[in-house]
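A closer look at the structure
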Amino acid sequence: MEIIPVDDHITAIDHNLLGIPGVGVSYLVRGESAALIETGTSPTVPHTLAGLERLGVRPEQIDHIICTHVHMDHAGGAGYLAAALPRASVYIHSMSIEHLADPARLMASVRRAVGEEAWALHGDVKPIPVERLRPAEQLRLDLGRDVVLEAIATPGHSPDHLSYWDRRSGGLFIGDAAGLVMDRWGLYFPVTPVPTYNLRAHRDTIAMLRAQSIPRIYVTHHGPHDDVDLQLSRAHERLEELVGLVDAALDDGAPDVDALAARYLPYPDDGPAATVARSWSRMSVAGMIRYELKQRQA
Ligand SMILES: [Zn+2]
């Protein structure tokens, strides 16, 4: 676990997602009350709780657990976090509330999407009592001391994807809407996963974000970034690169996911982030193939 100071009211806790640093964070946002944005997976929860303890935050001081979308590295830890943070409500898009109340279908879908190698690192998902779950798409949370969080729809990566403005800094908790910005591992690409990826919505989301002159993005994978124009234009370029690779392979016949993933994201076989890179790259190629095939069949 690492504590990353971000702003006077925002702190990132690197919770060792998939067993390595530099991959995933939860953000602690503090006004008079406190919110945690993103939960990591269940195995990250002890690290997040250790981070809160080191920061002097008691479990009953967290009132809100806020997820950008239902993927397990963003919401999978919500059940164990909610159990440890007794006063907190859990916020996610209403279309995903049922998956946190009853995670069985979600887990089967994630297992197919991420592959067996990475699946072993994801842990289980603890169901959340329905009365603690809240719809997030209209969320406006005033935490006190001028700290206000507001939801904005950023679909594409997933249909339920929301990002959250931090009105005090002007920054945006962007989740996966603009892809990975993992400086420690040199990984920069938009993740376009099976089964619900939507290219048209993702393009619209990236264009909408690029039009806004956002001063700072708080990326879940990983950390705060002030070079927002660079990150968004890189996400746009890498996305179009993937579209080109997949379209050419589909034109040629049956596309080979592993071969395309290796071309899209050349990455050495060993090294701590290789599992992450391979899994997320394959998942992205497979998601783009599925989307483009559906478009061609329509
Ligand atoms: Zn995701």
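Residues numbered from 1 in each chain as written. Predicted model: local features only at pLDDT ≥ 70, side-chain atom pairs only at ≥ 80, totals over all residues. Heavy atoms only, no water.

As a further point, take the overall build of the protein. Counting its secondary structure elements, the protein contains ten helices and 15 strands. Scaling as 2.2 N^0.38, a compact globule of 298 residues should have a C-alpha radius of gyration of about 19 Å, and the protein matches this with 18 Å. Reported as C-alpha extents along the three principal axes, the dimensions of the protein are approximately 60 × 40 × 40 Å. Among the 298 residues that make up the protein, the fraction classed as buried is 57%. In the protein, 69% of the contacts between residues at least 6 apart in sequence involve partners at least 24 apart. Between the centroid of the 27 positive side chains of the protein and the centroid of its 39 negative side chains there is a distance of 3 Å. (Helix = DSSP H or I, 4+ residues; strand = E, 2+ residues; numbered from the N terminus. Rg over C-alpha atoms; globule rule 2.2 N^0.38 Å. Buried < 20%, exposed > 50% of the residue type's maximum accessible area, 1.4 Å probe, protein only. Contact = heavy atoms within 4.5 Å. Lys, Arg positive; Asp, Glu negative; His and termini not counted. Charge placed at Lys NZ, Arg CZ, Asp CG, Glu CD.)

On to the coordination of the zinc ion, then. Each protein donor to the zinc ion is listed here as His69 (NE2), His71 (ND1), His157 (NE2) and Asp176 (OD); together their distances run 2.0 to 2.6 Å. Motif for the zinc ion, donor spacing along one chain: H-x1-H-x85-H-x18-D. Here His71, found in the loop between strand S5 (62-66) and helix H2 (72-75), pairs with His157, found in the loop between strand S9 (147-153) and strand S10 (162-166); they are 86 residues apart in sequence, far enough to count as distant. Residue classification places His71 among the buried residues on the basis of a relative accessible area of 17%. (Donors = N, O, S within 2.8 Å, 3.2 Å for Na, K, Ca; no water.)

The next thing to look at is the packing of aromatic side chains. On inspection of all chains with the given rule, the structure shows five aromatic pairs. With 5.2 Å between their ring centres and 65 degrees between their planes, Tyr27 and Phe173 make a pair best called edge-to-face. Here Tyr27 is found in strand S3 (residues 25-30), whereas its partner Phe173 is found in strand S11 (residues 172-175), with 146 residues between them in sequence. The burial state of Tyr27 is the same as that of Phe173; both residues are buried. Taken together, the ring pairs in this structure connect Tyr27, Phe173 and Tyr218 into an aromatic cluster. (Phe/Tyr/Trp six-rings, centres within 6.5 Å; stacked < 30°, edge-to-face > 60°.)

A few words now on the pairing of strand S1 (residues 2-5). For S1 and strand S2 (residues 10-14), the ladder comprises four bridges, and the chain directions are antiparallel. When the sheet's bridge partners are listed, Glu2 is paired in S2 with Asp14. The turn linking S1 back onto S2 is made up of four residues. (Pairing = 2+ DSSP bridges.)

Let's shift gears to the sheet that holds S1. Note: strands within a sheet are paired through backbone hydrogen bonds, in either parallel or antiparallel orientation. The strand order S1-S2-S3-S4-S5-S6-S7 describes an open sheet built from seven strands, whose pairing is mixed. Looking at the sheet topology across the chains shown, the edges are occupied by S1 and strand S7 (133-135). Going from strand to strand, the sheet's axes swing by 25 degrees on average, the running direction of each strand aside. Bridge count for S5 against strand S6 (residues 89-92) is three bridges, and the pairing is parallel. Its bridge partner lying in S6, His64 is registered against Ser89. Most of the contacts of helix H1 (residues 45-54) go to S2, to which it runs at about 140 degrees, and overall it touches S1, S2, S3, strand S4 (34-37) and S5. (Axes fitted to C-alpha atoms, helices over the stretch in contact; angles between N-to-C directions.)

As a further point, take the pattern of salt bridges. Side-chain pairing between opposite charges can occur once the charged atoms of the two side chains come close. Taken as a whole, this structure holds 13 salt bridges when the rule is applied. Where Glu2 meets Arg184, a salt bridge forms, and the shortest distance between an N and an O atom there is 3.0 Å. Here Glu2 is found in strand S1, whereas its partner Arg184 is found in the loop between strand S12 (180-182) and strand S13 (187-189), with 182 residues between them in sequence. The partly exposed category is assigned to Arg184, whose relative accessible area is 42%. With a shortest N-O distance of 3.5 Å, Asp247 and Arg296 are connected by a salt bridge. In this pair, Asp247 is assigned in helix H8 (residues 228-252) and Arg296 in helix H10 (residues 274-297), connecting sequence segments 49 residues apart. The exposure class assigned to Asp247 is partly exposed, which follows from its relative accessible area of 22%. Assessed through its relative accessible area of 42%, Arg296 is described here as partly exposed. Connected via shared salt-bridge partners are Arg140, Glu150 and Arg167. (Salt bridge = Lys/Arg side-chain N within 4 Å of Asp/Glu carboxyl O.)

Next up on the list: the packing of helix H7 (residues 199-210) against H8. Between H7 and H8, the least distance of the axes is 10 Å, while the angle of their chain directions is 160 degrees. Viewed along their axes, H7 and H8 adopt a mutual orientation that is roughly antiparallel. For the pair H7 and H8, the sense of crossing is left-handed. Together, Leu199, His202, Arg203, Ile206, Leu209 and Arg210 of H7 and Leu232, Ser233, Ala235, His236, Leu239, Glu240 and Val243 of H8 make up the contact between the two elements. (Parallel < 35°, antiparallel > 145°, perpendicular 65-115°, else oblique. Left-handed = near helix turned anticlockwise from the far one by under 90°.)

It is worth spelling out the sheet that holds strand S14 (residues 217-219) at this point. The strand order across the open sheet formed by six strands is S8-S9-S10-S11-S14-S15, and the pairing between neighbours is mixed. In this open sheet, the two edge strands, each paired with only one partner strand, are strand S8 (140-144) and strand S15 (223-225). Taken pair by pair, the neighbouring strands of this sheet meet at an average axis angle of 25 degrees, ignoring direction. Sheet topology places S8 next to S9; four bridges connect them, and they run antiparallel. Considered in S9, the bridge of Arg140 is made with Glu150.

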